[in-house]
Amino acid sequence: MNSFMKHKGLLLVCIFTLLVTTTNAQMNSVVVNSNANVLAQMLAGAGVTVSNAGFFGKCDSTVSAGQFYATPNSVFGLDSGIVLSSGNVLTGPLAVGVNIGAGQSPGTCGQAQFASSVTNGNSDPDLAALGNNITINDACILEFDFVPLGDTVKFDYVFGSEEYDIFNCSINDIFGFFISGPGITGPYSNSSANIALIPGTTFPVAISTINNGNNATPGNSCFTNTGGNGPFTQYYVSNIDSFNAGIVTNMSYTGFTTTLTALALVTPCSTYHLKLAVGDASDQVYDTGVFLKAGSLSSNAITFTPISNLINPYPYIVEGCAAGFIKVKRPVAAPTPYTINYLVGGSANYPADYNVSTIPPGAPFGQVTIPANDTVAWIVFGGIQDNIAEPIEEIRIYQLAPCSNNIVDSVSLFISDTIQMHINTPDTAVCAEDSVHILVFGDDSLIYSWTPTTNINNPNIKEPTVSPNNTTDYIVCATLPNSGCAPKCDTVKITINQQPNVKIGNDTTICLQQAIQFNPVITPNQNYSYTWSGPGSGFLNNTTIPNPLGTFTQLGNWPIYLQVEPTAVGCAGYDTINVFILPNDITLHNGDTTVCKGATIPINVTGHALFNYTWSPTTYLNNPAIEDPISNPLSDVSYTVTATYPGCIPMVKSFDITVEPVPEINAGPDRVMCQYDTVQLHALVDPPFGSYTYAWNPGGDLSNPTIPDPVFGGLNNVNLQLIVSTPIGCADTDYVSITVHSIEFANINPSETTICPRDSVQLQANGGVAYHWEPALYLNDQNISNPVSKPLEYIEYTVYSTSQFGCTDTDKVRIQVASDGVLDAGDDVTLYPGESYQIEPSGNCLYFNWFPNYHLSSTSIENPIANPPVTTQYFVTGTTEYGCAVTDSITIRISPETVLDLPNAFSPGSGTSVNDELRIIKRGLATLNFFRVYNRWGELVFETTDIEKGWNGQYKGKPQPMGTYVFVVEAKTSTGKRFYKQGNVTLIR
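Below is a summary of the structure that appears in this document. The model shown is predicted, which means the values in this text are computed figures rather than measured ones.

### Examining the packing of aromatic side chains
Here is step 1 of the chain: The final tally for this structure, using the stated rule, is 26 aromatic pairs.
Here is step 2 of the chain: Each ring, one from Tyr350 and one from Tyr354, has its centre 5.3 Å from the other, and the planes form 40 degrees; the classification is tilted.
Here is step 3 of the chain: Using a relative accessible area of 33% as the deciding quantity, one classes Tyr350 as partly exposed.
Here is step 4 of the chain: One aromatic cluster is present, built from ring pairs that chain together Phe68, Phe76, Tyr253, Phe256 and Phe291.

### Brief notes about the sheet that holds strand β7 (residues 174-180)
Here is step 1 of the chain: Read from one edge to the other, the open sheet built from five strands follows the order β2-β5-β12-β7-β8, with strand pairing classed as antiparallel. A single partner strand is all that each edge strand has here, and the edge strands are β2 (48-57) and β8 (193-194).
Here is step 2 of the chain: Where β2 meets strand β5 (residues 136-148), eight bridges bridge the pair, whose relative direction is antiparallel. Bridge pairing links Val48 to Pro148 in β5.
Here is step 3 of the chain: Against the sheet, helix α2 (residues 36-43) touches β2, β5 and β12 (272-281), its axis set at about 135 degrees to β2.

### Remarks on unusual backbone geometry
Here is step 1 of the chain: Of the consecutive residues Asp686 and Pro687, the connecting peptide bond is found in the cis state with omega at 0 degrees.
Here is step 2 of the chain: As for its placement among the helices and strands, Pro687 is situated in the loop between β51 (684-686) and β52 (693-697).
Here is step 3 of the chain: The peptide bond linking Phe851 to Pro852 adopts the cis configuration, its omega dihedral lying at 0 degrees.
Here is step 4 of the chain: Positive phi values are uncommon outside glycine, yet Tyr778 reaches one of about 70 degrees.
Here is step 5 of the chain: On the accessibility criterion, Tyr778 (26% relative accessible area) is partly exposed.

### Some remarks on a nonpolar patch on the surface
Here is step 1 of the chain: A surface patch of nonpolar side chains, amounting to about 260 Å² of accessible area, comprises Ile307, Phe325 and Trp378.
Here is step 2 of the chain: By secondary structure assignment, the location of Trp378 is in strand β21 (residues 376-383).
Here is step 3 of the chain: On the basis of relative accessibility, which here comes to 43%, the residue Trp378 falls in the partly exposed class.

### With respect to the state of the cysteines
Any covalent bond linking the sulfur atoms of two cysteines counts as a disulfide.
Here is step 1 of the chain: Overall, the coordinates contain seven disulfides when judged by the stated rule.
Here is step 2 of the chain: A sulfur-sulfur distance of 1.9 Å marks the disulfide that ties Cys674 to Cys807. Looking down the S-S bond of the Cys674 and Cys807 bridge, the torsion is -85 degrees, so its handedness is left-handed. Note that Cys674 is positioned in strand β49 (residues 671-674) and Cys807 in the loop between β62 (795-802) and β63 (808-817), a separation of 133 residues in sequence.
Here is step 3 of the chain: Here Cys756 connects covalently by a disulfide to Cys884, the sulfurs 2.0 Å from one another. The sign of the S-S torsion, about -110 degrees, decides the handedness of the disulfide formed by Cys756 and Cys884: left-handed. Taken together, the residues Cys756 in the loop between β57 (752-755) and β58 (761-762) and Cys884 in the loop between β70 (872-879) and β71 (885-894) connect sequence positions 128 residues apart.
Here is step 4 of the chain: Here Cys845 stays unpaired: no disulfide links it, and the sulfur of Cys884, its closest cysteine neighbor, is 9.1 Å away.

### Looking at the pattern of salt bridges
Here is step 1 of the chain: This structure, assessed with the given rule, holds 17 salt bridges.
Here is step 2 of the chain: Close ionic contact of Lys293 with Asp79 constitutes a salt bridge, the shortest N to O distance being 3.5 Å. Of this pair, Lys293 sits in strand β13 (residues 288-293) while Asp79 sits in the loop between β3 (65-70) and β4 (80-85), placing them 214 residues apart in sequence.
Here is step 3 of the chain: We classify Lys293 as partly exposed; its relative accessible area is 25%.

Thresholds applied
Residues numbered from 1 in each chain as written. Predicted model: local features only at pLDDT ≥ 70, side-chain atom pairs only at ≥ 80, totals over all residues. Heavy atoms only, no water. Phe/Tyr/Trp six-rings, centres within 6.5 Å; stacked < 30°, edge-to-face > 60°. Buried < 20%, exposed > 50% of the residue type's maximum accessible area, 1.4 Å probe, protein only. Pairing = 2+ DSSP bridges. Helix = DSSP H or I, 4+ residues; strand = E, 2+ residues; numbered from the N terminus. Contact = heavy atoms within 4.5 Å. Axes fitted to C-alpha atoms, helices over the stretch in contact; angles between N-to-C directions. Patch = residues over 30% accessible without salt bridge, like charges linked within 9 Å, V, L, I, M, F, W, Y side chains within 5 Å. Areas by Shrake-Rupley, 256 points an atom, 1.4 Å probe, with all protein chains shown as cover. Salt bridge = Lys/Arg side-chain N within 4 Å of Asp/Glu carboxyl O. Disulfide = S-S within 2.5 Å.

Encoded structure:
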């Protein structure tokens, strides 16, 4: 199987994987529709200008070339740039929303989206030659000219492919960066050289050279594709492994390289041509792409670096000693020397303030040359001693472009009159036995010496720690060895102070809003600073004086701290006092209240436990000298409580208690009544009280459930509850039962009926002990339970039934006298052979019964079909909806012979079914031999042997004129009798 068939077979697997796999994106977007010049300018960086950009091969700004933007991670290190692909950049290199599917492995597609874009052809000879004359398809090529400022040009890139890591042994997709111009030689077109090389080798970067699988042995394609070299797997990143490790690349390429650098030596200011090309090898199915970092095509390769033994914080030199240097470096050694021009400037004046090694006398600028086969040259600067006190001055060194002498970069050195060193720690006061770490500004290359050497941890270091017993001046001197520079010295004074003894006073308790003057005792007598702090310091009128006044406006325990500090930091004395603030009020939680006689009332007061309490009057109280006494009042009373504490204003609160009586009630005896009667209730209450509330429950059947004597008119038995209460709920309850006898005890049968004229009805009433009927008309007895009525017309009776409890029930009886039955079976009829007759009686009957029952379609319907063989009389009995019956009959006569005839005129087109055609009139059964019609000239205009057909007045499709026509008919009846008739018929229009 060839490699294309391998790709084709795998394509189906890839498409299926596309449908089921998604992940979050690390790559942000790919932007297409950028022309070649836009992409070339995006690649260009410092020291390079580009021009004449163009696409070649299959390169298409809408499909295979574009700008990419990404969030770099540990495996893909580029943030933005341009991408060229032998496939589709929107679905491949940075396909937003897709990645390697979880659980996928080499041999099962290995990617979530198939990025290929097959165009067939579009080869490139340089790529083919680079791959040992392999077949190239879908080549995407970006070419442009550029001019470098330096002698080196470089850019960064990442190469990726869908071929990894299934086809990287058999398919060697390839790309190349071909440079041509002055000094460039190579085997490709325009004598160009490929600079997309494995680092440190001359091997091109391709699929197989980065990772040629595990079977690269002599004689197979893995070995051949790399020339027996590689794989250089240290530059390979498996996107499948990255996905399984949780690193999202958002790339459908299953493998790619680390970030690589393409580099070439060039002649500054010369024009070069760069060809960036990528293509599919062998077949055009799976695709490859290359990412080039934005702005990385650069040629500002020469760097200036200031160097000195002294830094402050930048490198500096000293007048008359301690020279400085500028290190000039190119990144790669070349076989030819390289000269760089520079200018000097800044606040320092040349040559008055300094001298420099590489500026010839009177020259407008300096020159420094990097020797052949070397990468570094030096510029030496020396400060000139003028014994004039000056601030630090700057020497600015400007690097000039080799082709235009324009400034491309700059660095600085500084000149100082002396070595820069001083003590940063100010003169300091400390407590006895404390230590001070002295901080010094100065370069670490200096040698430091401290005096005196006593009570210092090391007199020969830059920043020692000192612990003097007495006030001491410490002097440090700094020298730069072998420089000839004079030492630089500085001094710091360390003053020793004694720690004070502080006593504010004893903790105290005062009332809210009271003031207290603080007068602390402090020894020894020195100059101090005072700092009052702590939760209670906010109540002081001043927190930085020795004797503030405190006025406390909030309750609680308020700690206050005093720090007394002499001029020595950390030598402070401390003391604390707690001021406890009592409230100047109490809270009486009882308001004016009303209670029932005999109730127990807990009295609740919130106040401090140190307060004394007195209640007045003492009536009904269990203890008038405590905070929360209990009262059992029998009558109205007003209480006052007074809380006291020495030095505090007495606190007074009071409230009133109103006492209401507890009622005793009698709701009255139980009662009996009939439905729809009424009973008046009478309740008695003691003791008398003008504000009782009455509540009968349930109260729905009472005239007023809130009065003592309501009227009850309910229909059902009830147990009534009466609650009588005072306004605060001092209450009593009683009950009364009312039995209600029903007036729905009787029943009657029938209650409503319909009879036929001259019938009678037996009436029946039950459930009572006595009965009376009204009216007495048509009744045999109006005072019994079961009288008989024989009415002649509609009548309504009312029966009054009396129960054993004397309750009366009333019922109605309605009797309707129905109409007599009416029935007419119809006129007698005659039937001819083959005919039947549907009887259609009339009247008001709903139900029917026919006799005799033979040769009828049904004997129980209103309109049966009769087909008797002989003359028969049928009798029918009809019944109305109320059962009133009536009888009638009809005779069906039978004729044995068929009757035939024809009309003497007809009117075709009249629209009537009777006279629209000339037809044979038939009663019975007959067979037609012929039916012929002739016009006045003897011409046959109609003929048929079907007895059911007729002439429509047309001949040969045309209506015939009005007039007389001759007909001839010959037929045979069902008995075999011949029928023959001829005559005239008139056609009328």
